[in-house]
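This is what each chain is made of:
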Number of protein chains: 2
Amino acid sequence: MSEYNLAPFSTLTEQLRRLPGIGSKSAARLAYFILEMPEKDAEKFTSAITNARKLIHRCKICGNYTDKDVCSICSDNGRDKSLICVVEDTQSLLAIEKISSIKMMYHILNGVISPINGITPDMLRIKELLARLGDGKVKEIILATNATIEGEATAMYISKLVKPLGVKVTRLACGIPVGGDLEYADEITLSYSIEGRHEI
Amino acid sequence: MSEYNLAPFSTLTEQLRRLPGIGSKSAARLAYFILEMPEKDAEKFTSAITNARKLIHRCKICGNYTDKDVCSICSDNGRDKSLICVVEDTQSLLAIEKISSIKMMYHILNGVISPINGITPDMLRIKELLARLGDGKVKEIILATNATIEGEATAMYISKLVKPLGVKVTRLACGIPVGGDLEYADEITLSYSIEGRHEI
C-alpha cells in the first residue's frame, strides 16, 4: 500500500481540496480531524453547512447575504439612500462598513468582469444596479471594486453606463495599494480612499 | 451593522474555525465559498463527510483507518509479521510505508503521552500493542513516534513495558531532525532513520 486508497477517505479529501486555500496536505489533515471528531461535533459541523445554505440567500435589493427578504442595511431607514457604494462582494462591503463614517447603501456586483475567467458583464448584478437608479433618488454611486485590473475595468464599464443617467459616479481614492485586494487593506488606507473619492 | 451578524453564517464560521489551521479570516472565506457552491457540489461535500465517518473506522488489529474489519496491511500475507512498527498516527504510517523497503506490520498509538494536554498512557493503544506481543511471534518492535519530547517519552514508556517480554525494541535512528514532525521529514532522512534504527 503505497497510497492510502480508502475510497470514502479519498472522496472526502478531494472535496476538501476544492475549498479555497486548501492543498492536498491540508485536505488530508482536515479529513483526519473530521474522522476523529466526536459524533455530536460532526453533526454540528454538517448541519452548520446545511443550515447556512438553507437559511441564507441574497438580499433582493443589494445582493448582500441575508436570512430575510431585504437585508438589515437595505431596511435601515437611518441611511443615506441617495448614495450607493458598489462592491465586488460581501467581504468588501464588510471592510468598508467597518470603517466608514458615511452610512450609505450598498450594491454587490458578485464579482468583476474578467474575460480570462469567462466572467462577462451580464453575469454580474449590473442590471440590478441600473434598476435601482431608475427613480432618480440616487444621486451618487461610489465604485468600490478592488484596485486590480479587473476591478478598474469593471468600474469603467459601470461608469459608462451610469453617467448618462445623470448620477454622479465616483471611484475610491488613491490610497488602496495598486494591485491589492480591498479585503486586506488596513483601515486607515481604506478610510483615506473613501474620503478622497473622485469623480470619473 | 459593524458586524456581520447572520446567525447561520456565524455558526458556520465558528464550526470552520474549529478545524486545524483555519483562522477567522480563512473560516469566513471558506464559509462564503460554501454559500456560493452549486447545490449539487454542496451535497457532495456534506455527504463526503457523512460517508467517510460512517464507512471508515479503525482496524481492530493495528488501529489504522479501514472500511473493513481488518485493514489491508494487517490482512497482507506478504508482510513480515514478526516486526511491528509503532507510530503515533496514520500520517506517520503513510510516511514510513511510502519509503520503507521492509514490508512490516504497524501499530497506531493514536497519539503520544502528553501530561500537559491531559493524554495519559491508558488513553493510547498501548494495551492493544501488548496484546499483540502475547503469542511470541513478534520478534521486534520499532518505536517510530515523532522525535519530539512527547514522542521520545512515549517510546521510553513503551520500551520499558515491552523489553521484559523478550521482544527486541528499536527506535528510529538519528536522521530525523530533532524536534521535527515525522510527517514532514524528507524521504531520504526518513529512510536513513529506518535503516539505522538502534536498540534501546
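Residues numbered from 1 in each chain as written. Chains lettered and ligands numbered in written order. Predicted model: local features only at pLDDT ≥ 70, side-chain atom pairs only at ≥ 80, totals over all residues. Heavy atoms only, no water.

Moving on to the interface of chain A and chain B. Where interface size is given, it is often the accessible area lost as the parts come together that is meant. With 53 residues of chain A in contact, the opposing surface of chain B contributes 53 residues. Where chain A abuts chain B, roughly 5,200 Å² becomes buried across the two surfaces, and 65% of that area is made up of carbon and sulfur atoms. Scanning the region where chain A abuts chain B turns up 6 salt bridges. For the salt bridge of E36 of chain A with R58 of chain B, the shortest nitrogen-to-oxygen distance reads 2.4 Å. (Contact = heavy atoms within 4.5 Å. Buried area = accessible area lost by both parts, 1.4 Å probe. Salt bridge = Lys/Arg side-chain N within 4 Å of Asp/Glu carboxyl O.)

All names here are of chain B. Pairing of strand 5 (residues 140-143) with strand 6 (residues 168-171), which is carried by 4 bridges, proceeds in the parallel orientation. Bridging across to strand 6, I142 finds its partner in T170. Of the crossover connections in this fold, the one passing from strand 5 over helix 6 (residues 149-162) to the parallel strand 6 is right-handed. (Pairing = 2+ DSSP bridges. Helix = DSSP H or I, 4+ residues; strand = E, 2+ residues; numbered from the N terminus. Right-handed = clockwise from strand over helix to strand, strands pointing away.)

Viewed as axis vectors pointing N to C, helix 3 (residues 39-55) of chain A and helix 3 (residues 39-55) of chain B meet at an angle of 175°, and their least axial separation amounts to 11 Å. With respect to their mutual orientation, helix 3 of chain A and helix 3 of chain B come out roughly antiparallel. On the side of helix 3 of chain A, the interface is formed by E39, A42, F45, T46, I49, T50 and R53 of chain A, while helix 3 of chain B contributes E39, A42, F45, T46, I49, T50 and R53 of chain B. Partitioned by chemical class, the residues of the contact of helix 3 of chain A with helix 3 of chain B number 6 nonpolar, 4 polar and 4 charged. (Axes fitted to C-alpha atoms, helices over the stretch in contact; angles between N-to-C directions. Parallel < 35°, antiparallel > 145°, perpendicular 65-115°, else oblique. Nonpolar A, V, L, I, M, F, W, Y, C, P; charged D, E, K, R; others polar.)

With that settled, consider the packing of helix 3 of chain A against helix 1 (residues 7-17) of chain B. Following both chains from N to C, one finds helix 3 of chain A and helix 1 of chain B inclined at 145°, their axes separated by 8 Å at the closest point. Crossing of helix 3 of chain A over helix 1 of chain B shows left-handed handedness. For the pair formed by helix 3 of chain A and helix 1 of chain B, the contact residues are D41, K44, F45, A48, I49, N51, A52 and L55 of chain A on the first element and P8, T11, L12, Q15 and L16 of chain B on the second. Broken down by class, the residue content of the contact of helix 3 of chain A with helix 1 of chain B amounts to 8 nonpolar, 3 polar and 2 charged. (Left-handed = near helix turned anticlockwise from the far one by under 90°.)

The next point concerns the relation of the copies chain A and chain B. Least-squares fitting of chain A to chain B yields an RMSD of 0.0 Å, with the superposition described by an axial translation of 0.0 Å and a rotation of 180°. What the rotation and shift describe, once combined, is the action of a two-fold rotation axis. Within chain A, the C-alpha atom positioned nearest to the axis of rotation is that of T46 of chain A, 3.0 Å from it. Interface overlap between copies is the fraction of interface residues in one copy that are interface residues in the other; for chain A against chain B it reaches 100%, indicating a shared surface. (Least-squares fit on C-alpha atoms with pLDDT ≥ 70 in both.)

By the definition in use, this model includes 18 salt bridges over all chains. Across the salt bridge formed by R53 of chain B and E39 of chain A, the nearest N and O atoms sit 3.0 Å from each other. Separated into two different chains, R53 of chain B in helix 3 and E39 of chain A in helix 3 make up a pair that spans both. For R53 of chain B, a relative accessible area of 17% translates into the label buried. Where E97 of chain A meets R79 of chain A, a salt bridge forms, and the shortest distance between an N and an O atom there is 2.5 Å. Note that E97 of chain A is positioned in helix 4 (residues 90-99) and R79 of chain A in the loop between strand 2 (65-66) and strand 3 (80-87), a separation of 18 residues in sequence. R79 of chain A shares its class with E97 of chain A; the two are buried. Several salt bridges share partner residues, and in doing so they unite D76, R79, E97 and K103 of chain A into one network. (Buried < 20%, exposed > 50% of the residue type's maximum accessible area, 1.4 Å probe, protein only.)

Scope: geometric values only; no functional claims are made or implied.
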